[in-house]
Amino acid sequence: MSDQPMTAEPRSASAFAAATSSWLPAVILLLATIVAWEAVVRIFAISSFIIPAPSEIAQSLVAQWGTLMQATLVTAAEILLGFVVSVVVGVAIALVIVRFDWLGRALYPLVVLFQNVPKVALAPIFILWFGYGLAPKIGLILVIAFFPVTLSMLAGMQSVDRSLLSLMDSVGASRTQILFRIRVPHSLPNLMAGTKIAATLSVIGAIVGEFAGASDGLGYVIQFASTQLDTALVFAALLLVSVLGIAFYYAAEILERIVVPWAPKFSHA
Amino acid sequence: MRIDTIRADGGKPAHIRHDDLISVKGVSVVYARQLVLQNIDLSVPKGSFVSLIGPSGCGKSTLLKVLAGLVEPTSGSVSIGGLSPVEAARKRMIGVVFQDANLLPWKNAVDNASLLLGIADRSLSRAELRARGQEMLELVGLGDSAHKRPNELSGGMRQRVAIARALALDPAVLLMDEPFGALDAITRDSMGQSLLEIWQRTGKTIVLVTHSIDEAIHLSRHVHALGIKPGRITGSIDIGLPYPRDLAVTEDPEFVRLVVQLRTMLRASHQPGDAS
């Protein structure tokens, strides 16, 4: 440490500087990668159906904008709905496990067991049961994404300090009071972490569901374009899937800041 | 002068000393096949300030939990104002403070202070709870910090909220398990001083578990020393130093004499070769 006194810099200015310096390396690396990619494809004259150049992907993106946006909306709706259903079901299972001992002991091992089923393999079955529409995608997202929600909430509810529980016991608090006044709010930071994982998994669930059988959505576009050897369009759709993923992740993070303003913040510094 | 008929121990003359509020008779606790407490006899006079002191593992915290109704003794009986500890707790006669303040991070100080009261008495409205919480925060010297969340409070302030939370129940007895154990020495001193003031203003009976000899003598009227393996009471001292006491009392020759006496007592009860 230097022996210089701590200077009281304006917070906003230093925060901006910190944000810039933390983002800048990533942005530079990304731009460099894109330039190198473009250069390699052009120099070695790589066929565009193997690796399209970034400029070709951009052209495809512009040319197919209408189709892609329509597909993005379909996929986004699946992700959003599937995510909400996953969180609701995941929270409900965690609550039941904690509130009812017997049911919890019955349910928890089954949930863990089910977690080990390769759920992607369920996609064809869901298509068989629910058809080509929205339902099989929601079902698939649910089975893929509810588990981190349940597990993180359980961990949060079960990590309440013993002496806090003793305090509650000392005034004769009921189990339900302890659950809703202590355990549930205490679990929210954990739950929000699980929710962010569920947001990412929801994107995967939607795309896998569309691969297995769909007539619309970005997953369908990717599959269709790859059979046409339109690799630029595949990449354009992939780019939009990634944007969707990032958007949902940050939506979950904003939700976290609203729901648990007291939770410790993690910085990438 | 006529004043000499009144005992000089801090506005608590002898005539207000009633029967024992807490009476422990022959209490033993066996936990995981270990004798944690052996044949404890203890009485705590109403309105008194009693400390339990002893080395780690002597069962002093377990004894406090027995008093709070959180641990069922294996044998023996405990009476708190004629009731069992669990009954007494249901009647809000017991307030508990642990070493960790255990505040809810999502609630502000005033809501934390009224938390246990709200659970114990569901008939109280939110406004009534807030008013009671605010009143208790003022009692512990945190009237200005009602809307601060725990992460905006220092360790000492958090512990003050924990004391306010216990006092909000208006308990007959305050059971405190090393409440200042995690605080730095300076904060610890001022917390002890505040606790004395709160005690004198509220007239609560206080049972304090501590491992600080100075703290026990500075604050209490009676100190019970506990020995280890098995946990048992090995000696008791009455602290005759007059109240109100401030930190200057620690320089009093009588204080120093009591420190030596208590230290000797604790050393004698500490089994040789067990210097943990």
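Residues numbered from 1 in each chain as written. Chains lettered and ligands numbered in written order. Predicted model: local features only at pLDDT ≥ 70, side-chain atom pairs only at ≥ 80, totals over all residues.

Student: Tell me about the overall build of chain A, residues and numbers included.
Tutor: A tally of helices and strands in chain A yields ten helices and zero strands. Taken from N to C terminus, the helices and strands of chain A fall in the order α-α-α-α-α-α-α-α-α-α. A globule of 269 residues ought to have a C-alpha radius of gyration of about 18 Å, yet chain A, at 24 Å, is considerably larger. Along the first, second and third principal axes, the C-alpha set of chain A runs to 75 × 70 × 30 Å. (Helix = DSSP H or I, 4+ residues; strand = E, 2+ residues; numbered from the N terminus. Rg over C-alpha atoms; globule rule 2.2 N^0.38 Å.)

Student: Help me get a handle on the nonpolar core, residues and values and all.
Tutor: With 89 residues, the main nonpolar core has Val161, Ala164, Val173, Leu175 and Val207 of chain B as its most contacted residues. Looking at this core, the element that brings in the most residues is helix H6 (residues 155–167) of chain B, giving seven residues. Aside from chain neighbours lying at most four places away, what touches Val173 of chain B is Leu21, Ile22, Ile80, Met93, Ile94, Lys204, Thr205 and Val207 of chain B. Phe83, Ile138, Leu140 and Leu191 of chain A belong to the second-largest nonpolar core, a separate cluster that totals 56 residues. (Core = buried A, V, L, I, M, F, W, Y, C linked by C-beta atoms within 7 Å. Buried ≥ 20, exposed ≤ 12 C-beta atoms within 10 Å, placed from the backbone. Contact = placed C-beta atoms within 7 Å.)

Student: Residues and numbers for unusual backbone geometry, please.
Tutor: Residue and element names in this part refer to chain B. Of note, the amide linkage connecting Lys229 to Pro230 takes the cis form, showing an omega dihedral of -5°. Note on placement: Pro230 falls in the loop between strand E8 (222–227) and strand E9 (232–238). At the junction of Tyr243 and Pro244, the peptide bond is cis and its omega measures out at -5° in the coordinates. With respect to the helices and strands, the residue Pro244 is situated in the loop between E9 and helix H9 (253–269). Residues other than glycine seldom take positive phi values, yet Asp170 does so here, at roughly 50°. Along the chain, Asp170 falls in the loop between H6 and strand E6 (173–177). The exposure class of Asp170 is partly exposed, given the 14 C-beta atoms found within 10 Å.

Student: Any chance you could break down the domain arrangement of chain A for me, citing the residues and the numbers?
Tutor: Examined at the domain level, chain A breaks down into domain 1 (13–46) and domain 2 (55–259). Taken over C-alpha atoms, the centre of domain 1 of chain A sits 30 Å from the centre of domain 2 of chain A. (Domains from an automatic or database assignment.)

Student: Break down the pairing of strand E3 (residues 49–53) of chain B for me, with residues and values.
Tutor: All names here are of chain B. Judged by how many residues are buried, E3 sits mostly within the fold: five of five residues are covered. Both faces of E3 are covered, namely the face carrying Phe49, Ser51 and Ile53 and the face carrying Val50 and Leu52. For E3 and strand E7 (residues 205–210), the ladder comprises five bridges, and the chain directions are parallel. Among the inter-strand pairings, Phe49 is bridged to a residue of E7, identified as Ile206. The pairing of E3 with E8 spans four bridges and is parallel. The residue bridging Ile53 from the neighbouring strand is Ala225, located in E8. (Pairing = 2+ DSSP bridges.)

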